[in-house]
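The lines below spell out each chain.
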Amino acid sequence: QQSYWGGGQFPVTRRVSQPPPSPRISLARTMSTDNSTTPVVQGNKIIDKINERLKRKEQFFSFEYFPPKTEKGVANLDKRMTNMALRGPVWMDMTWGAGGRTSDLTLSLCDKIQNQKKVDALMHLTCTNMEKKKIDDALDGCKKVGVRNILALRGDPPIGEEAWTATEGGFSCARDLIKYIRKQHGDHFCVSCAGYPEGHPNVRKEITDPNYDPATNTPAYWAVRKLPNGKYEGVSPEDWKTEQDYLKSKVDSGADFIVTQLFYDLDIFYAWEKQCREMGIKVPILPGIMPFFKPGSFGRMTGFCKTVVPDDIQKAVVKYKDDEKGFQAWGVEHISKICRNLLTSGVVPSIHLYTLNNEKIPYQILDTLGFPKSRGSSPPQLDKLFSLAINSKVPDKGWRAGLEKSEGKSVAKKQAPKAKDLISKAKTLAKTETKVAETISSHTKLMSAVKSPKSRKLSNTSSHLSRAEDQTKRATIAAYKAEKREQKANA
């Protein structure tokens, strides 16, 4: 893969549509509407949840996964997602797979996230090997299971092909896909897009200008990095302008928010974010963070993506090349510092963790940052670092708050008479309690009179009165308890 989830903006050649290779596994589809007449409740749009949290000035996190290649891998991921849902991510998303090979599995896993894990799902959707009919089928499938969030991407070339080419009858870039979704479905879906703080891999090229001075970065290239061969790589001023204009066109076409490609250089990210705002890009920008898992795979991933890797990380990769656990421990500490810097900067509201289907390391990062370990362990007072999906100063409407407002008003209207009835019964119960207290007081006085020396004439009947008093008291208390049970049942 040239990038973590592909994408691109330059003209491409078209080719005749070919069916994608068959998935390696056969997974039974678990759509919520199969063999059922129960109406599907549509989930939340993520942009609504983001905007709500921005108003409260509270931060959150989200998880990303990819479809496994085996049945066992799918089963393991299912268990991990069940556990990780309890950490309280605002959403969980699933990649589409290179060349669209795992499209059915991606939708099935998003169905599980939405309807079994009870977390809003964000489904990746790419243009690779996808003519309009397949795009329509994918979006209709999302509607059937209540998924309302799409990350629109161009995608990577199919396996075995170096260059990306558009499918006949399909789309040539993510912007065209966003436009199509908006045209066909209006605002039903929350549509997001990818952002590349260091430039898409396609525009990051070796600097061949003989007059280039790396000491002063003259002429000015964007996000320069030194290559193993001693030369330098970056984005030319012309390509960078095209890159940024294309990002703004995706937003102008209907993208609700931006999720970034992985990065580790904060200076480049902050400069890019500032430039985006100056261009008029106003939608939320959410940083994508890739934790450190293995020294070898880290080098391959950053090589594919042409990521700028700061010196301290490069030194750590060399230091821990034969010590995977040591590299992970160092990585958790370093990634936590990056995330804390981002969360306290006031520039971004969240972190988006590329988990690579790993549970342990993302947990350690969240623990280091101070996020609660589960919904149940959330403290009463919410710290600004805690996810709203776990706890909130203002009660959340729940994972499926995407219901129409009119429906909410209708429910409230139906519940109003019940509320009035409960108030009336509460008042009646209060009066009953007063009467019981008066009755007990009266009986106490009567017994005192019976036992008084001045009432010896009544001594022959005192035992009868005592039994009568006990029976009356028990009857009164029984009536009181019955009233309490009725009130509790009505509530």
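Refer to the structure above for everything that follows.
Note that the structure is a prediction, hence the values are computed from the model and not measured. (Residues numbered from 1 in each chain as written. Predicted model: local features only at pLDDT ≥ 70, side-chain atom pairs only at ≥ 80, totals over all residues. Heavy atoms only, no water.)

Enquirer: Can you explain the overall build of the protein chain? Please cite residues and give values.
Expert: Counting its secondary structure elements, the protein chain contains 13 helices and 14 strands. The buried share of the protein chain, reckoned over its 491 residues, is 48%. Taking as baseline every contact in the protein chain between residues at least 6 positions apart, the subset at least 24 positions apart corresponds to 80%. Per element, the accessible surface of the protein chain, about 24700 Å² overall, is 53% carbon and sulfur. (Helix = DSSP H or I, 4+ residues; strand = E, 2+ residues; numbered from the N terminus. Buried < 20%, exposed > 50% of the residue type's maximum accessible area, 1.4 Å probe, protein only. Contact = heavy atoms within 4.5 Å. Areas by Shrake-Rupley, 256 points an atom, 1.4 Å probe, with all protein chains shown as cover.)

Enquirer: I'd love a proper account of unusual backbone geometry, names of residues and values included.
Expert: Put simply, Thr-218 and Pro-219 share a cis peptide bond, and its omega is -5 degrees. Inspection of the secondary structure puts Pro-219 in the loop between strand 8 (205-206) and strand 9 (222-226). The backbone of Lys-57 shows a phi angle near 60 degrees, a positive value even though the residue is not glycine. If you trace the backbone, Lys-57 turns up in the loop between helix 1 (46-56) and strand 2 (60-65). By relative accessible area, which is 64% here, Lys-57 ends up exposed.

Enquirer: An account of the nonpolar core is requested, with residue identities and associated values reported.
Expert: Counting residues in each nonpolar core, the largest one holds 103 residues, and the members touching the most others are Trp-91, Met-123, Leu-125, Phe-257, Ile-258, Tyr-264 and Trp-272. When residues of this core are assigned to their parent elements, the largest contribution, eight residues, is made by helix 10 (residues 324-343). (Core = buried A, V, L, I, M, F, W, Y, C linked by side-chain atoms within 4.5 Å.)

Enquirer: Explain the side chain of His-352 to me, and be specific about the residues and the numbers.
Expert: Checked against the element boundaries, His-352 lands in strand 14 (residues 350-354). At 2.6 Å, the side chain of His-352 forms a polar contact with the side chain of Ser-62. Of note is the side chain of His-352, whose polar atom sits 3.0 Å from the side chain of Glu-64. (Polar contact = N/O pair within 3.5 Å; in protein donor to acceptor, adjacent residues only side chain to side chain.)

Enquirer: Run through the state of the cysteines, naming residues and quoting values.
Expert: What is meant by a disulfide is a covalent connection between two cysteines, made through their sulfur atoms. Taken as a whole, this structure holds zero disulfides when the rule is applied. Distance from the sulfur of Cys-193, which forms no disulfide, to the nearest cysteine sulfur (Cys-276) is 9.7 Å. (Disulfide = S-S within 2.5 Å.)

Enquirer: Break down the packing of helix 7 (residues 266-278) against helix 10 for me, with residues and values.
Expert: Close contact between helix 7 and helix 10 brings their axes to 12 Å; oriented N to C, the two are set at 25 degrees. If you check the angle between helix 7 and helix 10, you find them roughly parallel. Remark: the crossing between helix 7 and helix 10 carries right-handed chirality. On helix 10, the residues that touch Leu-266, Phe-269 and Tyr-270 of helix 7 are Ile-338, Asn-341 and Leu-342. (Axes fitted to C-alpha atoms, helices over the stretch in contact; angles between N-to-C directions. Parallel < 35°, antiparallel > 145°, perpendicular 65-115°, else oblique. Left-handed = near helix turned anticlockwise from the far one by under 90°.)

Enquirer: How would you sum up the packing of helix 3 (residues 103-115) against helix 4 (residues 132-145)? Please name residues and give values.
Expert: Two numbers describe how helix 3 lies on helix 4: the axes approach to 10 Å, and their chain directions differ by 25 degrees. One way to sum up the angle between helix 3 and helix 4 is to call them roughly parallel. Between helix 3 and helix 4 the crossing geometry is right-handed. Along the contact surface, helix 3 presents Leu-107, Asp-111, Gln-114 and Asn-115, while helix 4 presents Ala-138, Gly-141, Cys-142 and Val-145. Class assignment for the residues of the contact of helix 3 with helix 4 results in four nonpolar, three polar and one charged. (Nonpolar A, V, L, I, M, F, W, Y, C, P; charged D, E, K, R; others polar.)

Enquirer: Can you tell me about the pattern of salt bridges, naming the residues and giving the values?
Expert: One pass over the full model with this rule turns up 15 salt bridges. One salt bridge connects Arg-277 with Glu-273, and the closest N-O pair in it is separated by 2.9 Å. Residue Arg-277 and its partner Glu-273 are located together in helix 7, separated by four residues, close to a single helical turn. The exposure class assigned to Glu-273 is buried, which follows from its relative accessible area of 10%. When salt bridges that share partners are traced, they join Glu-52, Arg-53 and Arg-56 into one network. (Salt bridge = Lys/Arg side-chain N within 4 Å of Asp/Glu carboxyl O.)

Enquirer: Give me the sheet that holds strand 8: which residues, what numbers.
Expert: Across the sheet, three strands lie side by side as 8-10-9; this open sheet has antiparallel pairing. Single-partner strands in this sheet number two, and they are strand 8 and strand 9. Taken together, the three bridges between strand 9 and strand 10 (residues 232-235) define a ladder with antiparallel strand orientation. Within strand 10, the position partnered with Lys-226 by the bridge is Tyr-232. (Pairing = 2+ DSSP bridges.)

Enquirer: Which residues make up the packing of aromatic side chains, and what values do they have?
Expert: What the rule picks out here adds up to 18 aromatic pairs. Ring geometry for Tyr-264 and Phe-298: centres 5.5 Å apart, planes at 55 degrees, overall tilted. You can see Tyr-264 sitting in the loop between strand 11 (257-260) and helix 7 and its partner Phe-298 sitting in helix 8 (residues 295-305), a full 34 residues away along the chain. Given the relative accessible area of 7%, Phe-298 is considered buried. Consider the rings of Phe-269 and Trp-272, whose centres lie 5.9 Å apart with planes at 45 degrees: the pair is tilted. With Phe-269 and Trp-272 both in helix 7 and three residues apart, this pair spans about one turn of that helix. Across the pair, Trp-272 and Phe-269 agree in class, each one buried. One aromatic cluster is present, built from ring pairs that chain together Tyr-264, Phe-292, Phe-298, Phe-327 and Trp-330. The ring centre of Tyr-363 lies 5.0 Å from the NZ or CZ of Arg-87, which sits over that ring. (Phe/Tyr/Trp six-rings, centres within 6.5 Å; stacked < 30°, edge-to-face > 60°. Lys NZ or Arg CZ within 6 Å of the ring centre and 35° of its normal.)

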